[in-house]
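Here are the chains, one letter per residue:
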Amino acid sequence: MDAVRAADHDRYLTALYAPADKRDALFSLYAFNAEIAGIRDRIHEALPGEVRLQWWRDLIAADNDSAGVGHPVADALKATISAHRLPRLAFDNMLEARIFDLYDDPMPSRTDLEGYCGETAAALIQLAAMVLDPVEAPKFAELAGRAGCAQAMTGLLLLLPLHRKRGQCFIPAEILAAAGSSPEAFVVGDGGPGAQRAVAAMIALAREHLSAFERGAAALPVSLRPAFLPLVLSRAYLDKMEGARHSPLDGVARLSALRRHWLLLRRASKGWPAL
């Protein structure tokens, strides 16, 4: 819980709306996600980063679920996978996708970006849903895919200043080309004349997935709502980006804690309205 509260406060808040007996499992999933998402920040070279990802892959693939390894997040995750019969393949795919984070290769296409989002954020939502209600969760796998794309793309937009400073570009090269830019130009200086158009296209793509999610979200049972609650904040962040006087290229101020609490409380209690 403390690890998630420090590293991923938005997901920490959403987990508080889950039943008390499910929270530890959710915290273990979110702590694992924060751990692998932050590898580049802690290990600044790609090869040692890949070694760390492989350590996680080997750990999850091992059958000794009852044996602790002395790593609090790893031990908690192994217990969650075993107790809730979570598919190990989903974690393997997530770790494979995170290799992209370690390098500065450009994201080639929209399809590649959606695949990356599907294996990371969408998979995490679906795993959380399986913890909350394993009977209902499979019915909403497609909705989790849309939700994960919207959430991940919003997160990438929020991280634009950090990624550009690194020379890293998650906006697909085909979107940049259509906007009159390129991955190389986008990460230098002010991003070039096409940068703002590319960012607007990325926001529109995130909106497209968010709208698709919201069209189906009214059908979500109460039991699964906590897994999808981060989408409430994604909408608020996208609204903030579009209404801001400053471009996401320069950074977007985070929502206040009070605002986040209010948005989550309202959606947790009322659900999503039918569209």
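The name given to the chain in an unreviewed UniProt entry is Phytoene/squalene synthase family protein, and the organism recorded there is Mesorhizobium erdmanii.

Before going further, it helps to examine the nonpolar core. Within soluble globular proteins, side chains that are nonpolar generally end up buried alongside one another. Core analysis: the largest hydrophobic core is formed by 95 residues, its most contacted members being L29, F32, I171, F186, F213 and F228. If one sorts the elements of this core by residue count, helix α8 (residues 110-132) sits on top with twelve residues. Each of two domains, domain 1 (1-93) and domain 2 (104-274), supplies a minimum of three residues to this core. Those residues in contact with F32, other than ones at most four positions away along the chain, are W56, I60, V73, L77, F91, M94 and L95.

Of note, V232 is situated in helix α15 (residues 230-243). On the basis of relative accessibility, which here comes to 10%, the residue V232 falls in the buried class. Separated by 18 residues in the primary sequence, V232 and E214 place their C-alpha atoms 9.9 Å from one another. Excluding anything up to four places from it in sequence, V232 contacts L263, L264, R267 and W272.

Residue R85 is not a glycine yet carries a positive backbone phi of 50°. Positionally, R85 belongs in the loop between α6 (72-84) and α7 (88-97). Overall, the relative accessible area of 76% leaves R85 in the exposed class.

Inspection of the entire model under this criterion finds nine aromatic pairs. Relative to F170, the ring of F100 lies with its centre 5.4 Å away and its plane at 65°, an arrangement referred to as edge-to-face. Residue F100 is found in the loop between α7 and α8, and its partner F170 is found in the loop between α10 (160-166) and α11 (173-178); the two are separated by 70 residues along the sequence. Of the two residues examined, F100 and F170, each falls in the buried class. Where Y116 meets F170, the ring centres are 5.7 Å apart and the plane angle is 50°; that geometry is what we call tilted.

Attention now goes to the domain arrangement of the chain. Structurally, the chain comprises domain 1 (1-93) and domain 2 (104-274). Computed from C-alpha atoms alone, the centre-to-centre distance between domain 1 and domain 2 is 21 Å. Each partner contributes residues to the interface: domain 1 has 24 residues there, and domain 2 has 24 residues. Summed over both sides, the interface of domain 1 with domain 2 buries roughly 2200 Å², with 65% coming from carbon and sulfur. Looking only at domain 1, the three residues that lose the most surface to domain 2 are D10, Y17 and R40, adding up to 29% of its buried area. Our count for the domain 1 to domain 2 interface comes out at three salt bridges. Of the charged contacts in the structure, one is a salt bridge between D10 and R260, with a shortest N-O distance of 2.8 Å. Linking domain 1 with domain 2 are eight residue pairs in polar contact (both at pLDDT 80 or more). Per-element accounting of the side of domain 1 that touches domain 2 gives the leading share, six residues, to helix α3 (residues 20-37). Considered class by class, the residues forming the side of domain 1 that touches domain 2 number twelve nonpolar, six polar and six charged.

A separate point is the pattern of salt bridges. The tally for this structure, following the rule as stated, stands at 16 salt bridges. Beyond isolated ion pairs, a larger network of salt bridges with shared partners links E35, R42 and R52.

A few words now on the packing of α3 against helix α5 (residues 46-61). Working note: a packed helix pair is described by the angle between its axes plus the distance between those axes. Running from N to C, α3 and α5 point in directions that differ by 150°, and their axes come no closer than 10 Å. Considering their axes alone, α3 and α5 lie roughly antiparallel with respect to each other. Counting all contacts with α3, which are made through F32, E35 and I36, the residues of α5 involved are R52, L53, W56 and I60.

Topologically, R235 is positioned in helix α15. Classification of R235 as partly exposed rests on a relative accessible area of 29%. Taking C-alpha positions, R235 is 10 Å from E214, a pair spaced 21 residues apart along the chain. When sequence neighbours within four positions are dropped, the list of residues in contact with R235 reads R207, L210 and E214. A polar contact of 2.7 Å, which involves the side chain of R235, links it to the side chain of E214.

Procedures and definitions
Residues numbered from 1 in each chain as written. Predicted model: local features only at pLDDT ≥ 70, side-chain atom pairs only at ≥ 80, totals over all residues. Heavy atoms only, no water. Core = buried A, V, L, I, M, F, W, Y, C linked by side-chain atoms within 4.5 Å. Buried < 20%, exposed > 50% of the residue type's maximum accessible area, 1.4 Å probe, protein only. Helix = DSSP H or I, 4+ residues; strand = E, 2+ residues; numbered from the N terminus. Domains from an automatic or database assignment. Contact = heavy atoms within 4.5 Å. Phe/Tyr/Trp six-rings, centres within 6.5 Å; stacked < 30°, edge-to-face > 60°. Buried area = accessible area lost by both parts, 1.4 Å probe. Salt bridge = Lys/Arg side-chain N within 4 Å of Asp/Glu carboxyl O. Polar contact = N/O pair within 3.5 Å; in protein donor to acceptor, adjacent residues only side chain to side chain. Nonpolar A, V, L, I, M, F, W, Y, C, P; charged D, E, K, R; others polar. Axes fitted to C-alpha atoms, helices over the stretch in contact; angles between N-to-C directions. Parallel < 35°, antiparallel > 145°, perpendicular 65-115°, else oblique.

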